[in-house]
Amino acid sequence: MHFHDSRGTALLNVFAALLLGVRRFDASIAGLGGSPFATGAAGNVATEQVVDLCADLGVATGVDAHALAAATRLVRRLLDHASAPEADSQPA
């Protein structure tokens, strides 16, 4: 399944799909992404949220939660850095 978090319900949709027996989800670290077909669509459901939900429900994922958390922190740090104004682009 593939869910965008357009209305803040992506994780709820994952939960409903899990209850129906679905065990494969397309997710992205830190909820990155969007849709070229749906203007303004929010990012994809966050991998770390899906993994946490599965852990809470006792559904094995095979994902190393500690490594995922470290990767998520790195991505967020890089994105924050990329969105910060460059020091040399500031007027003198």
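A short tour of the structure in this document, coming up. A quick note: this is a predicted structure, and the numbers were derived from the prediction, not measured.

1. A short note on the side chain of S28
- Here S28 lies in the loop between α1 (10–19) and α2 (47–57).
- Judged by its relative accessible area of 14%, S28 falls in the buried class.
- The contact partners of S28, leaving out residues within four places of it in the chain, are N44, V45, A46, T47 and E48.

2. Thoughts on α1
- Those residues of α1 that sit buried are A10, V14, A17 and L18. Angularly, the buried residues of α1 cover 100 degrees about the axis, an arc narrow enough to put them on a single face. The exposed set on the far side of α1, more than 90 degrees from its buried face, consists of L12 and L19.
- Close packing links the buried residues of α1 with α2.
- G21 sits one or two positions beyond α1 and adopts a positive phi of about 100 degrees.

3. Observations concerning the side chain of N44
- Locating N44 in the fold gives a position in the loop between α1 and α2.
- Judged by relative accessible area, N44 falls into the buried class, the value being 12%.
- In terms of polar contacts, N44 uses its side chain to reach the side chain of H2, at 3.2 Å.
- Dropping the residues within four chain positions of it, N44 is found in contact with H2, F3, H4, S28, G31, L32, G33 and G34.

The rules we used
- Residues numbered from 1 in each chain as written.
- Predicted model: local features only at pLDDT ≥ 70, side-chain atom pairs only at ≥ 80, totals over all residues.
- Heavy atoms only, no water.
- Helix = DSSP H or I, 4+ residues; strand = E, 2+ residues; numbered from the N terminus.
- Buried < 20%, exposed > 50% of the residue type's maximum accessible area, 1.4 Å probe, protein only.
- Contact = heavy atoms within 4.5 Å.
- Arc of directions from axis to C-beta.
- Polar contact = N/O pair within 3.5 Å; in protein donor to acceptor, adjacent residues only side chain to side chain.

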